[in-house]
Amino acid sequence: MAAPVRPTEQAGTASRSGREPGRWAGLAARFRPKATFARHAALALLALVVVVLVLELTGPFRNSQFATMSYYAIAVAGLTVLTGLNGQISLGHGALMAVGAYTAGLLLPADIPLLVVLVIAAGITALVGVLVGAAAARLKGPYLAGATLAFAVALPGLAIHFDEALGGEQGLPVPSPRAPDWFADAVYFLSANETSSAKYLAYVGWVVAIVAFLLLANLTASRIGRIWKAVRDDEVAAELAGVRLSRVRVLAFTVSAACAGLAGGVLGVVVRLAAPTGFTIVLSISLLTAVVLGGLGSLLGAVLGSALLVFLPPAVTNLGTSAGLTDVQAAQLAPFVYGAVLILVILLAPGGVVGTVRARWRARTTAPAGAPEERTGRS
Amino acid sequence: MLQFVNTLLTGLGQGAVYAAFALALVLIWRSTRVVNFAQGAMAAFTTYLALLVVESTGSWWVGLLVALASGLVLGAGVERVVVRRVGPHNELGAVIVTLGLFVALQALASILFGAQFRSFPAPAGLEGFSRGGVTIALTPSMLITVGAVAVVLLGLVALFRFTDVGLRMRASAFDGEVARLLGVPVGRMLTLGWALAALVGSLAGVLIAGGSLVWPAYMDTVIVNGFVAAVLGGLDSPGGAVVGGLAMGVILALVTGYVGSDLVPLAALAVLVAVLLVRPQGLFARTAARRV
């Protein structure tokens with residue numbers, strides 16, 4: 001099935017690299033595994049090593065920040081695949097995370113293992129995603145944004161209405177699972193560090209994140225990913241080529257929702273609480289900020305964007321309090337910056353960080369044949 | 001029976017505000033093909049300005065005037081400085097930019113005016129009229145609300161139907177390129193359109209705040225209800241927006257009265273999904289041919 005599309009893609013890269021690539025590009029090409037899956041798996045292993053190094057070299061406070069970053073990364077990755085590759089915008093991902101967090105809060109007290117709970121959270125949120133996606137599949141742009149906005153505003157009402165099961169305004173406490181003994185032994189063996197609860201949760205979060213990223217990367221490189229891009233770029237052409245638009249859209253929304261549910265489950269155990277106030281519309285928009293800043297459709301950009309969501313708020317809040325704002329006022333600086341970032345990135349660098357850097361890189365490595373003056377200028 | 005009538009009356013009062021808000025969305029959608037998700041935050045901002053004025057002068061009407069004037073300026077500024085730079089065929093970019101404005105303005109409002117609940121005075125009495133021991137839920141404030149919306153509505157109709165500026169604005173919205181060839185300053189007309197829409201949005205903000213509480217996010221549900229009302233009416237049709245707004249007011253009042261106020265946003269979502277699945281072009285819009 002994939003055969004008709006593959007050769008043109010390879011031809012494209014071959015002709016591009018045929019135009020005297022830079023020395024580093026050549027070196028990278030020699031050591032890069034040929035198969036997509038092998039390449040992604042190698043990157044995932046590398047990411048795991050980085051995660052272990054970072055978590056062992058930093059203290060408990062940073063560990064808990066990285067735990068937070070892990071669930072943002074998962075949710076942002078799901079959203080960037082939906083928005084960047086399939087062209088659908090969603091303001092409902094904050095609410096979908098709530099579904100995952102409440103699922104974790106309901107299931108964990110029943111002594112179900114954490115990983116099983118996370119998988120169930122992803123599954124249930126994916127089911128909600130099918131419903132939302134089916135309604136959303138006929139919508140585009142602003143209609144979709146409005147519909148998902150209505151979803152995001154409506155869902156917390158359910159938690160308040162069914163307050164006996166879901167804890168109402170106070171929220172549902174989520175028991176935080178203890179680190180198993182083998183995990184503490186492994187950490188001690190590796191770095192002679194004691195295991196804190198934050199460290200265990202950060203490891204859980206990042207292992208889940210890496211698996212999710214690996215699956216998403218493979219999905220986007222596959223036939224399904226190419227169909228998503230085809231629908232995004234020209235839906236009429238895609239439909240003429242035999243793509244069933246609504247099915248494709250629902251699938252993209254479902255995958256994205258599953259990521260949000262997974263992220264919500266991790267959020268539940270990290271924050272130890274699932275409360276309606278934790279899943280406001282500002283959460284959805286901050287996820288969108290991370291997507292837009294990192295670069296629409298880029299998984300690497302998702303990591304960069306989620307780092308912004310974790311490390312920017314304390315920084316600007318400190319700036320605000322030292323500039324004489326009260327704590328309440330300073331806490332609002334972060335959403336203010338999110339909004340400003342959204343506007344500025346769209347107006348000035350619509351590709352986001354990854355898109356802009358990649359465009360620069362490409363402009364440099366593919367030597368401009370018709371621009372001799374630039375070549376002399378560089379040498 | 002009385003409860004039912006009262007619920008209907010409350011719903012129509014709320015519905016007038018949703019109608020105004022939906023109208024603001026429709027005005028912008030018609031001229032620039034942007035759904036302004038920042039409308040609620042903009043209206044909240046101007047309502048805070050009005051509250052400052054009302055607190056210092058003691059006059060509700062001066063506050064309303066300040067809200068309308070600042071709405072006019074804010075709308076024009078937003079179009080000139082931000083929205084125009086997005087470009088005409090960037091649907092996703094336009095949505096994202098208005099969302100950015102939404103959070104930024106909302107955060108700015110809580111930094112400048114405080115995040116706590118503040119009460120906004122009502123234009124007139126909040127006691128329902130009573131006759132023969134029966135009190136109905138029709139208050140003097142509600143009459144002012146409905147009256148203000150009706151005046152603005154008629155003013156807009158007069159502007160678009162009978163004035164030269166209105167004709168130019170309609171031409172710019174209908175086909176910018178042709179209008180430009182005919183000598184219409186399209187850019188200025190679009191700015192004016194945004195300014196007028198923001199004025200109508202500000203009116204809705206002040207009216208819904210009257211006699212109740214204001215906090216930076218108090219317009220969030222109004223955005224959703226106004227959007228649903230606009231889609232119900234067809235997003236392209238000002239008359240549809242008004243009918244949609246009144247219908248939403250009544251439906252949500254019935255849900256509040258007979259089911260529970262927590263589920264009001266869910267009811268709005270249900271209406272939206274139902275409309276989009278059954279009649280996506282809305283109740284009033286003419287079907288448009290699909291452009292390829």
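So, how was this worked out
- Residues numbered from 1 in each chain as written.
- Chains lettered and ligands numbered in written order.
- Predicted model: local features only at pLDDT ≥ 70, side-chain atom pairs only at ≥ 80, totals over all residues.
- Helix = DSSP H or I, 4+ residues; strand = E, 2+ residues; numbered from the N terminus.
- Rg over C-alpha atoms; globule rule 2.2 N^0.38 Å.
- Buried ≥ 20, exposed ≤ 12 C-beta atoms within 10 Å, placed from the backbone.
- Contact = placed C-beta atoms within 7 Å.
- Core = buried A, V, L, I, M, F, W, Y, C linked by C-beta atoms within 7 Å.
- Axes fitted to C-alpha atoms, helices over the stretch in contact; angles between N-to-C directions.
- Parallel < 35°, antiparallel > 145°, perpendicular 65-115°, else oblique.
- Left-handed = near helix turned anticlockwise from the far one by under 90°.
- Nonpolar A, V, L, I, M, F, W, Y, C, P; charged D, E, K, R; others polar.
- Expected span 1.5 Å × (residues − 1).
- Bend = angle between axes of the 7 residues up to and from the residue.
- pLDDT = per-residue confidence, 0-100.

### Description of the overall build of chain B
(1) Moving on: For chain B, the helix and strand inventory stands at 11 helices and 4 strands.
(2) Moving on: Here the C-alpha radius of gyration of chain B, 19 Å, is about what a compact globule of 292 residues would show, namely 19 Å.
(3) Moving on: Taken along its principal axes, the extent of the C-alpha atoms in chain B is 65 × 45 × 35 Å.
(4) Moving on: Residues classed as buried in chain B amount to 53% of the 292 residues present.
(5) Moving on: Sequence separation of 24 or more characterises 72% of the internal contacts of chain B that already satisfy a separation of 6 or more.

### Looking at the nonpolar core
One recurring pattern in soluble globular proteins: nonpolar side chains tend to sit buried together.
(1) Moving on: Counting 222 residues, the largest nonpolar core has Ile74 of chain A together with Ala20 of chain B as its most contacted members.
(2) Moving on: It is helix α8 (residues 186-209) of chain B that provides the largest number of residues to this core, a total of 17 residues.
(3) Moving on: Once you skip the residues sitting within four places of it in the chain, isoleucine 74 of chain A turns out to touch Val208, Ala209, Ala212, Cys259, Leu262, Ala263 and Val266 of chain A.

### A word on the packing of helix α7 (residues 141-161) of chain A against helix α9 (residues 220-233) of chain B
(1) Moving on: Contact geometry for α7 of chain A and α9 of chain B: axes closest at 10 Å, N-to-C directions at 140°. Taken together, the axes of α7 of chain A and α9 of chain B are oblique relative to one another. Crossing handedness for the pair α7 of chain A and α9 of chain B: left-handed. Contacts between α7 of chain A and α9 of chain B involve Gly146, Leu149, Ala150 and Val153 of chain A on the former and, on the latter, Asp220, Thr221, Val224, Phe227, Val228 and Val231 of chain B.
(2) Moving on: Its residues assigned to classes, the contact of α7 of chain A with α9 of chain B shows 7 nonpolar, 2 polar and 1 charged.

### Side note on helix α15 (residues 299-322) of chain A
All names here are of chain A.
(1) Moving on: Here α15 is 24 residues long and its end C-alpha atoms lie 35 Å apart, about the 34 Å a rise of 1.5 Å per residue gives.
(2) Moving on: The largest bend in α15 comes to about 35°, at leucine 312, with the proline proline 313 one to four residues further on.
(3) Moving on: Taken as a whole, α15 has its buried residues at Leu299, Gly301, Ala302, Val303, Gly305, Ser306, Leu308, Leu309 and Gly320.
(4) Moving on: Tucked inside the fold, the buried residues of α15 contact α4 (60-86), α10 (197-221), α14 (281-294), α16 (327-331), α17 (333-348) and α18 (352-365).
(5) Moving on: Backbone geometry just after α15 places glycine 324 at a positive phi near 100°.

### Looking at the confidence of the model for chain A
All names here are of chain A.
(1) Moving on: Of all residues in chain A, 88% attain a pLDDT of 70 or more, and the chain-wide mean is 83.
(2) Moving on: For chain A, helix α1 (residues 6-18) is the element with the lowest average pLDDT, namely 40, and helix α5 (residues 93-107) is the one with the highest, namely 93.
(3) Moving on: Between residues 1-19, whose pLDDT stays under 50, and residues either more than four places distant or in other chains, the model counts 7 contacts.
(4) Moving on: Low pLDDT (under 50) marks residues 370-379, which in the prediction has 1 contact with non-local residues, meaning those over four places away or in another chain.

### Some points on the interface of chain A and chain B
(1) Moving on: On the chain B side, the residues contacting the 38 residues of chain A number 41 residues.
(2) Moving on: Going through the elements one at a time, α7, α14, α16 and α17 of chain A are the ones with two or more residues in the side of chain A that touches chain B.
(3) Moving on: Counting residues per element, the side of chain A that touches chain B draws most heavily on α7 of chain A, at 14 residues.
(4) Moving on: Along the lines of polarity and charge, the residues of the side of chain A that touches chain B split into 29 nonpolar, 8 polar and 1 charged.

### Some remarks on the confidence of the model for chain B
Residue and element names in this part refer to chain B.
(1) Moving on: Confidence in the prediction for chain B averages 85 pLDDT; 95% of positions are at 70 or higher.
(2) Moving on: Ranking the helices and strands of chain B by mean pLDDT puts helix α2 (residues 39-57) first, with 92, and strand β2 (residues 130-131) last, with 70.
(3) Moving on: Under the prediction, the complex receives an ipTM of 0.85, its pTM being 0.85.

### Notes on the packing of α9 of chain B against helix α10 (residues 238-258) of chain B
All names here are of chain B.
(1) Moving on: Put simply, α9 and α10 touch, their axes get as near as 7 Å, and they point 125° apart. When the interaxial angle is binned, α9 and α10 end up oblique. Viewed along their axes, α9 and α10 form a crossing whose handedness is right-handed. Two secondary-structure elements touch here, α9 through Asn225, Val228, Ala229, Ala230, Leu232 and Gly233 and α10 through Gly240, Ala241, Val243, Gly244, Gly245, Ala247, Met248 and Leu252.
(2) Moving on: Taken together, the residues that form the contact of α9 with α10 break down as 9 nonpolar, 5 polar and no charged.

### Some points on unusual backbone geometry
(1) Moving on: Backbone geometry at arginine 272 of chain A places phi at a positive 65°, although glycine is not the residue there.
(2) Moving on: Turning to its location among the elements, arginine 272 of chain A is positioned in the loop between α13 (245-271) and β2 (273-274).
(3) Moving on: A positive phi angle, near 55°, is found at arginine 33 of chain B, a position not held by glycine.
(4) Moving on: What makes arginine 33 of chain B partly exposed here is the crowd of 14 C-beta atoms within 10 Å.

### Overview of α14 of chain A
Residues spaced three or four apart along an α-helix face the same direction, because each turn holds 3.6 residues.
Residue and element names in this part refer to chain A.
(1) Moving on: Look at α14: 20 Å from first C-alpha to last across 14 residues, which is about the 20 Å you get at 1.5 Å a residue.
(2) Moving on: Counting buried positions along α14 gives 14 out of 14 residues, so the element sits mostly inside the fold.
(3) Moving on: Note on α14: the residue one or two positions beyond its end, glycine 295, has a positive phi of about 125°.

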